[in-house]
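Observations on chain architecture
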Amino acid sequence: KIFNKLIQEYNILKFYESLYSFIEKLPVSRKKSAYTNYYEAKGENMDFYSMDSWNEKQKNVYKALNSPQIRTVLDIASNTGWYSILAAKMGKEVVAFDIDESCVEILYERVKNEKLKILPLVIKFPNIPDDRYSIYDGSCILINGYDRLRCDSVIALGILHHLVLGMGLSFEYVLSCLNSFSKKQLMLEFVDINDKLIQNEPEFFPEYKRNPSISLEYNIQNLKKVLNKYFKNIKTEKSYPDTRSILICEK
């Protein structure tokens, strides 16, 4: 009765209809980003049904995901989501996150239009939310991001070198975080120190530029030593270009 009276006196429904119409007409422009054409620039924005045109990186990710044991996939630093979409088209349920809002918006629009089973999120790895507790009784009201986003397979391509050479994080720290997300499998791309991106664009790797000696520890052998702490089987597969490798790690 009270609600009906308010509607009659103040015409609340009309107000919300007008508000909805106003919001719908608001011009929303996507932020500019240098990464929204990432796959086009690398020549990797391939058709999902023409595997003959795929590079070694794409083929090896597909092979690793092509298992009935892998039902859920987490794509870390997903960009506009080529590998997320690949996994979804293979019948997997996918969570994809990236720090770049424009890239996530592009993925979200495609997910919405094609009704893909992908949850796109804006998250800066490794800043993953912790458990949150009530200020009243101390009970947990929001579980941490690792538990919420844990999946059978974790894809981490094109990010490790930025974390280690760019931010100065250790293999041990990065892999402990990635392991916390993974139930069964991790696909981790390693970019060799001689890769032209690292050598020709040092501004993207400030820690390496400041302290070149960190490259002495940055090698695939040291990476595998740390991976052996978390995974039973580790296979090294080709990536693209040939200064890169993909480590397929199984628990």
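Going by the structure above, here's the rest.
Now for a description of the structure that goes with this document. Keep in mind the model is a prediction, meaning the values are calculated, not measured.

This part is about the overall build of the chain. A tally of helices and strands in the chain yields 12 helices and 9 strands. The C-alpha extent of the chain, read off along each of the three principal axes, is 75 × 50 × 45 Å. Every one of the 251 residues in the chain was classed for burial, and the buried ones make up 42%. Put simply, 65% of the contacts in the chain that link residues at least 6 apart link residues at least 24 apart. Looking at the chain as shown, the accessible area adds up to about 14900 Å², and 52% of this sits on carbon and sulfur atoms. Treating the 35 positive side-chain charges of the chain as one cloud and the 32 negative ones as another, the clouds have centres 4 Å apart.

Glancing now at the packing of helix α9 (residues 171-181) against helix α12 (residues 220-227). Between two packed helices, what matters for the description is the angle formed by their axes and the separation of those axes. Interaxial distance between α9 and α12 falls to 10 Å at its minimum, and their mutual angle equals 45 degrees. It follows from the interaxial angle that α9 and α12 lie oblique. Between α9 and α12 lies a crossing of right-handed hand. Across the interface between the two elements, Phe-171, Glu-172 and Leu-175 of α9 pack against Asn-222, Leu-223, Val-226 and Leu-227 of α12. For the contact of α9 with α12, the residue count by class is 5 nonpolar, 1 polar and 1 charged.

Moving on to the side chain of Asn-79. Looking at where Asn-79 falls in the secondary structure, it is placed in the loop between β1 (72-76) and α5 (82-89). A relative accessible area of 5% places Asn-79 in the buried class. Here the side chain of Asn-79 touches Tyr-35 through a polar contact of 3.0 Å, landing on its backbone oxygen. Sequence-distant contacts of Asn-79, that is, excluding residues within four places in its chain, are made with Tyr-35, Tyr-38, Tyr-39, Asp-98, Cys-103 and Val-104.

Right, let's talk about a nonpolar patch on the surface for a bit. Together, Phe-15, Tyr-16, Leu-19, Phe-22, Ile-23 and Leu-26 give the surface a local cluster of nonpolar side chains, amounting to about 620 Å² of exposed area. Accessibility expressed as a relative area gives 53% for Phe-22, which makes it exposed.

The next point concerns the packing of helix α4 (residues 56-65) against α5. Closest axis-to-axis distance for the α4/α5 pair is 11 Å, and the angle between their directions is 40 degrees. Taken together, α4 and α5 sit at an angle that is classed as oblique. Seen from above, α4 lies across α5 with right-handed handedness. Across from Lys-57, Gln-58, Val-61, Tyr-62 and Leu-65 in α4, the residues of α5 making contact are Trp-82, Tyr-83, Leu-86 and Ala-87. The residue inventory of the contact of α4 with α5, partitioned by class, reads 7 nonpolar, 1 polar and 1 charged.

The next subject is the nonpolar core. What tends to happen in soluble globular proteins is that the nonpolar side chains get buried as a cluster. With 40 residues, the main nonpolar core has Phe-125 and Phe-181 as its most contacted residues. Counting residues per element, this core draws most heavily on α9, which supplies 6 residues. Core analysis: the second largest hydrophobic core is formed by 25 residues, Tyr-39, Val-94, Leu-107 and Ile-246 among them.

Below, the discussion takes up the packing of aromatic side chains. Evaluated as defined, the whole model comprises 11 aromatic pairs. Between Trp-54 and Tyr-62, the aromatic rings sit 5.9 Å apart at their centres with planes inclined by 70 degrees, giving edge-to-face as the arrangement. With a centroid separation of 5.5 Å and an interplanar angle of 80 degrees, the aromatic rings of Trp-54 and Trp-82 are classed as edge-to-face. Linking Trp-54 in the loop between α3 (38-42) and α4 with Trp-82 in helix α5, this pair joins segments that are 28 residues apart in sequence. Trp-82 carries the same exposure label as Trp-54, and that label is buried.

Mapped onto the fold, Leu-188 is located in strand β7 (residues 182-191). We classify Leu-188 as buried; its relative accessible area is 0%. Residues Leu-188 and Lys-92, spaced 96 residues apart in sequence, show a C-alpha to C-alpha distance of 19 Å. Those residues within four positions of Leu-188 in sequence are excluded, and the remaining contacts are Ala-156, Leu-160, Leu-175, Leu-178, Leu-223, Leu-227, Ser-245, Ile-246 and Leu-247.

Turning our eyes to something else, we now look at the state of the cysteines. Per the counting criterion, the structure on display carries 0 disulfides. Cys-177 supplies the cysteine sulfur nearest to Cys-140, a cysteine that is in no disulfide, at a spacing of 19 Å. Cys-151 takes part in no disulfide bond, and the closest cysteine sulfur, belonging to Cys-177, lies 16 Å away. When its relative accessible area of 4% is taken as the criterion, Cys-151 is described as buried.

Conventions and cut-offs
Residues numbered from 1 in each chain as written. Predicted model: local features only at pLDDT ≥ 70, side-chain atom pairs only at ≥ 80, totals over all residues. Heavy atoms only, no water. Helix = DSSP H or I, 4+ residues; strand = E, 2+ residues; numbered from the N terminus. Buried < 20%, exposed > 50% of the residue type's maximum accessible area, 1.4 Å probe, protein only. Contact = heavy atoms within 4.5 Å. Areas by Shrake-Rupley, 256 points an atom, 1.4 Å probe, with all protein chains shown as cover. Lys, Arg positive; Asp, Glu negative; His and termini not counted. Charge placed at Lys NZ, Arg CZ, Asp CG, Glu CD. Axes fitted to C-alpha atoms, helices over the stretch in contact; angles between N-to-C directions. Parallel < 35°, antiparallel > 145°, perpendicular 65-115°, else oblique. Left-handed = near helix turned anticlockwise from the far one by under 90°. Nonpolar A, V, L, I, M, F, W, Y, C, P; charged D, E, K, R; others polar. Polar contact = N/O pair within 3.5 Å; in protein donor to acceptor, adjacent residues only side chain to side chain. Patch = residues over 30% accessible without salt bridge, like charges linked within 9 Å, V, L, I, M, F, W, Y side chains within 5 Å. Salt bridge = Lys/Arg side-chain N within 4 Å of Asp/Glu carboxyl O. Core = buried A, V, L, I, M, F, W, Y, C linked by side-chain atoms within 4.5 Å. Phe/Tyr/Trp six-rings, centres within 6.5 Å; stacked < 30°, edge-to-face > 60°. Disulfide = S-S within 2.5 Å.

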